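Examination of the molecular architecture
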Amino acid sequence: QVQLVESGGGLVQTGGSLRLSCAASGSTFSTYAMGWFRQAPGKERESVAGVSWSGGSTYYADSVKGRFTVSRDNGKNTVYLQMNSLKPEDTAVYYCAASYQPLYSSKWYLSGAYNYWGQGTQVTVSS
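Note that the coordinates shown come from a computational prediction; the quantities given were computed from them, not determined experimentally.

What to know about the pairing of strand S9 (residues 92–99)
Along S9, seven of the eight residues are buried, which leaves the element largely enclosed by surrounding structure. Inspection of the sheet shows S9 paired to strand S11 (residues 121–126) by three bridges, in the antiparallel sense. Looking at S11, one finds that Tyr94 is bridged to Thr121. Alignment of S9 against strand S10 (residues 116–117), held across two bridges, turns out to be antiparallel. Each residue of the ladder has a partner; that of Ala97, found in S10, is Trp117.

Structural data, given as structure tokens:
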């Protein structure tokens with residue numbers, strides 16, 4: 001069992017930056033692939049970024065490539081999402097998720113591939 005707690009959300013102006021953190025409980029964090037998803041009001045949840053268990057492979061949605069960076073620190077049981085050049089369309093609740101399967105480019109964006117989810121953190125980008 002893994003428990004995930006996101007933090008770092010908030011209100012920021014267009015062009016600003018935020019860094020989200022997701023702290024995981026349990027000693028097996030380093031064996032999980034991790035992902036970030038988001039859900040805006042009235043929209044479906046969408047994938048944002050994914051990272052392999054080692055941190056050696058990262059994946060991004062086209063909408064955030066070049067602006068967002070996903071990373072992890074297995075020693076701290078934490079995964080991060082650095083968000084730069086934020087836009088109003090990035091406004092959403094952001095969720096981190098953990099998968100005990102290895103995730104490759106063909107699966108990282110599938111919410112069904114993840115086994116555990118955090119409660120989410122709100123990110124609001126004002127125009």
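Some words on the nonpolar core
One recurring pattern in soluble globular proteins is that nonpolar side chains are buried together. Residues Leu4, Met34, Trp36, Leu81, Met83 and Tyr94 are the most contacted members of the largest nonpolar core, which totals 31 residues. Mapped onto this core, the elements with two or more residues apiece are strand S3 (18–24), strand S4 (33–39), strand S5 (46–51), strand S7 (68–73), strand S8 (78–83), S9 and S11. Grouped together as the second largest cluster of nonpolar side chains are eight residues, Tyr59, Ala97, Trp108 and Tyr114 included.

Details of the side chain of Asn77
Here Asn77 is to be found in the loop between S7 and S8. Judged by its relative accessible area of 18%, Asn77 is buried. Sequence-distant contacts of Asn77, that is, excluding residues within four places in its chain, are made with Cys22, Ala23, Ala24, Ser25, Gly26 and Phe29.

Side note on the state of the cysteines
In the structure shown here, the tally under the stated rule is one disulfide. Shown here is the disulfide that connects Cys22 with Cys96, its sulfur atoms set 1.9 Å apart. Note on the Cys22 and Cys96 pair: the S-S dihedral is about 45°, so by sign convention the disulfide is right-handed. Residue Cys22 is found in strand S3, and its partner Cys96 is found in strand S9; the two are separated by 74 residues along the sequence. Its relative accessible area of 0% is what places Cys22 among the buried residues.

A few points about the pattern of salt bridges
Evaluation of the coordinates by the stated rule reveals four salt bridges. The closest approach of N and O atoms between Asp62 and Lys65, which form a salt bridge, is 3.3 Å. Among the charged side chains, a network of salt bridges with common partners joins Arg38, Glu46, Arg67 and Asp90.

Describing the sheet that holds S8
An order of S1-S3-S8-S7 is seen for the four strands of this open sheet, with the pairing classed as antiparallel. Either end of the sheet is taken by a strand with one partner, and the two such strands are strand S1 (4–7) and S7. Neighbour-to-neighbour, the strand axes of this sheet turn through a mean angle of 15°, independent of strand direction. Sheet analysis places S3 next to S8, joined by six bridges and oriented antiparallel. Its bridge partner being in S8, Leu18 is matched across the sheet by Met83.

What counts, and where the lines are drawn
- Residues numbered from 1 in each chain as written.
- Predicted model: local features only at pLDDT ≥ 70, side-chain atom pairs only at ≥ 80, totals over all residues.
- Heavy atoms only, no water.
- Buried < 20%, exposed > 50% of the residue type's maximum accessible area, 1.4 Å probe, protein only.
- Helix = DSSP H or I, 4+ residues; strand = E, 2+ residues; numbered from the N terminus.
- Pairing = 2+ DSSP bridges.
- Core = buried A, V, L, I, M, F, W, Y, C linked by side-chain atoms within 4.5 Å.
- Contact = heavy atoms within 4.5 Å.
- Disulfide = S-S within 2.5 Å.
- Salt bridge = Lys/Arg side-chain N within 4 Å of Asp/Glu carboxyl O.
- Axes fitted to C-alpha atoms, helices over the stretch in contact; angles between N-to-C directions.

Honestly, it's all geometry; don't read function into it.
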